[in-house]
Amino acid sequence: MSRYRYPALPESEVTPKALFDARRRFLRRGVALGAAAAAPGLLWPRDAAAWREALQGRLDDDLDTRRLAGGEATTDYEDATSYNNFYELGNRKSDPEVFAHKLVTDPWSLTVEGEVDKPGTLALEDVLARETLEERIYRLRCVEAWSMVIPWIGFPLRDLLERHGPTSRAKYVLFEAIHDPDNLRGQRRSILDWPYREALRIDEAMHPLTLLAVGMYGEIMPNQNGAPIRLVVPWKYGFKSIKSVVRIALTEERPTPSWVAQNPEEYGFYANVNPHVDHPRWTQARERRIGERGKRETLMFNGYGDEVADLYSGMDLDRHY
Ligand SMILES: Nc1nc2c(c(=O)[nH]1)N[C@H]1C(S)=C(S)[C@@H](COP(=O)(O)O)O[C@H]1N2
Ligand SMILES: [Mo]
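The name given to the chain in an unreviewed UniProt entry is Protein-methionine-sulfoxide reductase catalytic subunit MsrP, with Billgrantia gudaonensis as the source organism. Among the UniProt annotations of the chain, the heading Subunit (unreviewed entry) holds the following wording: "Heterodimer of a catalytic subunit (MsrP) and a heme-binding subunit (MsrQ)."

Right, here's the structure in full:
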């Protein structure tokens, strides 16, 4: 990926893969590293540095890991943080890393509203204090026919939604990303109708594989990957996995995601990974795994069919792409 190598983050900001692996080995041997995990319910520190330290303390804890990428090797950290789609930070794959510092993540709050009994806006540290973090290794398949395998750290979206009590009218979940055109160069251009919006059907949102991620590779989420909190829906094309989420609204009507609004011929609401339905500009039968030579066959539902195919039984997936 040397073609995409741009000025790297300061060394203190990154954990090279080797260090990550070494720490994992330590953790497997049961050696406690870093600060102790913060107890749920603890009042989290409000200033950014203290918060980072507290979150890092929880990431250093021996989190449960679920390997859900069929034993496939994880993508190099360097590649996963330098080859990105994050249009708020620019169009090129290298832009998100180069302009990562423009994303202001402190303070950050998350609003949950709409069809819920208990709407509310919480500081991110208060959201996190309630949740149990875990590690999940998932494939990530972009609609542009490249893919990665990423070890995320986060918690099921379902846990958050249930705390707010979805009403019986909640049929869809809308997600909205940060809107900050003063700092985010991409938002000064009309690539999309900002802010970036995505949506899931409620059963997709409540599915145990659907994750809200706050870290990856044992680290706090790098800005270019969607800090401080992003969605990860591993059986759908990457554009559904919206980064830097500020608002979640449960709705009765189906929301229109940004990409669907921009080009409904190219992007569908469901966007399930499907090797049999081609995008007008890309065949979806095969994919390029970043860091590998050659191509891989794309798997139906990105390899998560056993878990999720039931969600779509009786639906014509050629039409509901
Ligand atoms: N807010 C926001 N979220 C976004 C995007 C974006 O441009 N803005 N790009 C999407 C696309 S197209 C992909 S493939 C994934 C890429 O995630 P990664 O850079 O962490 O691999 O993020 C998705 N989430
Ligand atoms: Mo993508």
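Asker: Outline the sheet that holds strand β2 (residues 109-114), supporting the account with residue identities and numerical values.
Answerer: In space, the five strands of this open sheet follow the order β3-β2-β11-β6-β7, with mixed pairing throughout. Two strands lie at the open edges of the sheet, namely β3 (120-123) and β7 (197-201), each paired on one side alone. For this sheet the average axis-to-axis angle between neighbouring strands, irrespective of direction, equals 15°. Sheet topology note: the β2/strand β11 (residues 245-251) ladder contains four bridges and is parallel. Residue pairing for β11: Val112 is matched across the bridge by Ile248.

Asker: Which residues make up the site of ligand 1, and what values do they have?
Answerer: Within the structure, ligand 1 sits among 16 residues, and Asn84, Tyr87, Glu88, Arg230 and Lys243 are positioned closest to it. Asn84 places a polar side-chain atom, nitrogen or oxygen, 2.8 Å from an oxygen atom of ligand 1. Taking Arg230, its side chain carries an N or O atom lying 2.7 Å from an oxygen atom of ligand 1. When its residues are assigned to classes, the shell around ligand 1 shows eight nonpolar, five polar and three charged.

Asker: I'd like to hear about the pattern of salt bridges, residue by residue, with values.
Answerer: In the structure shown here, the tally under the stated rule is 19 salt bridges. A salt bridge links Lys240 to Glu198, with the nearest nitrogen and oxygen atoms 2.7 Å apart. Remark: Glu198 occurs in strand β7 and Lys240 occurs in the loop between β10 (230-232) and β11; sequence separation between them is 42 residues. By relative accessible area, which is 1% here, Glu198 ends up buried. The salt bridge partner of Asp203 is Arg201, with a shortest N-O separation of 2.8 Å. Through salt bridges with shared partners, a single network forms among Glu72, Arg139, Arg141, Glu287, Arg289, Glu292 and Arg296.

Asker: Quick one: what's the story with the environment of Glu219, residue by residue and with numbers?
Answerer: Mapped onto the fold, Glu219 is located in strand β9 (residues 219-220). Counting along the chain gives 66 residues from Glu219 to Ile153, while the straight-line C-alpha distance between them is 8.2 Å.

Rules and cut-offs
- Residues numbered from 1 in each chain as written.
- Chains lettered and ligands numbered in written order.
- Predicted model: local features only at pLDDT ≥ 70, side-chain atom pairs only at ≥ 80, totals over all residues.
- Heavy atoms only, no water.
- UniProt positions renumbered as here; feature names shortened; annotations may be inferred.
- Pairing = 2+ DSSP bridges.
- Helix = DSSP H or I, 4+ residues; strand = E, 2+ residues; numbered from the N terminus.
- Axes fitted to C-alpha atoms, helices over the stretch in contact; angles between N-to-C directions.
- Near = heavy atom within 4 Å.
- Polar contact = N/O pair within 3.5 Å; in protein donor to acceptor, adjacent residues only side chain to side chain.
- Nonpolar A, V, L, I, M, F, W, Y, C, P; charged D, E, K, R; others polar.
- Salt bridge = Lys/Arg side-chain N within 4 Å of Asp/Glu carboxyl O.
- Buried < 20%, exposed > 50% of the residue type's maximum accessible area, 1.4 Å probe, protein only.

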